[in-house]
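These are the residues of each chain, in order.
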Amino acid sequence: HTRLPIELDVVGRGPELAACRALVEELGLQRRVRFLDWYERHQDLLASFGAYRGMVLPSLEDANGIVVQEAMALGLPPICLDWGGPQLLVRHGESGFLIAPDSVQAITHGLAACLDQLADDPALAERMSIAAREQARAWRWPEVMAQWLALYRTL
């Protein structure tokens, strides 16, 4: 549903992979969607992020979204559903986008609109990249440890 010829790389495996491949075939999107399988080494996944302008996690089942934190730390603005962990991590319009999970159609069109925005506006993508990296600094272990220690001292 994007206006622009956005390309999407799908990383991972799972029980829905065959259905996703079939849907890409049915919709004739083989030139725009690639299935990259799973990265055996975590550092290879992280290294691949430099090739992208954003990342998409349209999951209602991922309660935390560690991949969202990793993407943000590397400056990739995430496009996620306004639900669960990503809802607590992403500042909509600032460090990424949150899509209301109202219906499949709302999600699909919301994802497409956000992808178009990132592709069409390099300045916006850069601002979001900077904001995502800055926000992710609070999740580094020294900062988290300092917060925990401060909390323990109040007890």
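As shown above, the structure is provided for reference.
Caption draft 1: View of the packing of helix 3 (residues 66–73) against helix 6 (residues 122–136). Direction vectors running N to C along helix 3 and helix 6 enclose 115°, while the axes themselves pass 7 Å from each other. Only Ala132, Arg133, Gln135 and Ala136 of helix 6 make contact with helix 3, whose side of the interface consists of Gln69, Met72 and Ala73. Its residues assigned to classes, the contact of helix 3 with helix 6 shows four nonpolar, two polar and one charged.

Caption draft 2: Main features of the state of the cysteines. Enumeration according to the criterion identifies zero disulfides in this entry. The closest cysteine sulfur to the non-disulfide-bonded Cys114 is located on Cys80, 10.0 Å from its own sulfur.

Caption draft 3: Geometry of helix 6. For helix 6, spanning 15 residues, the distance from its first C-alpha to its last is 21 Å, which sits close to the expected 21 Å at 1.5 Å a residue. Looking at helix 6, one finds that the buried residues are Leu124, Ala125, Met128, Ser129, Ala131, Ala132, Gln135 and Ala136.

Caption draft 4: Broad picture of the packing of aromatic side chains. Tallied over the full model, the rule gives one aromatic pair. Ring geometry for Trp141 and Trp148: centres 6.0 Å apart, planes at 70°, overall edge-to-face. Classification of Trp141 as exposed rests on a relative accessible area of 62%. The class for Trp148 is partly exposed, based on a relative accessible area of 46%.

So, how was this worked out
Residues numbered from 1 in each chain as written. Predicted model: local features only at pLDDT ≥ 70, side-chain atom pairs only at ≥ 80, totals over all residues. Heavy atoms only, no water. Axes fitted to C-alpha atoms, helices over the stretch in contact; angles between N-to-C directions. Helix = DSSP H or I, 4+ residues; strand = E, 2+ residues; numbered from the N terminus. Contact = heavy atoms within 4.5 Å. Nonpolar A, V, L, I, M, F, W, Y, C, P; charged D, E, K, R; others polar. Disulfide = S-S within 2.5 Å. Expected span 1.5 Å × (residues − 1). Buried < 20%, exposed > 50% of the residue type's maximum accessible area, 1.4 Å probe, protein only. Phe/Tyr/Trp six-rings, centres within 6.5 Å; stacked < 30°, edge-to-face > 60°.

On their own, these measurements won't tell you what the molecule is for.
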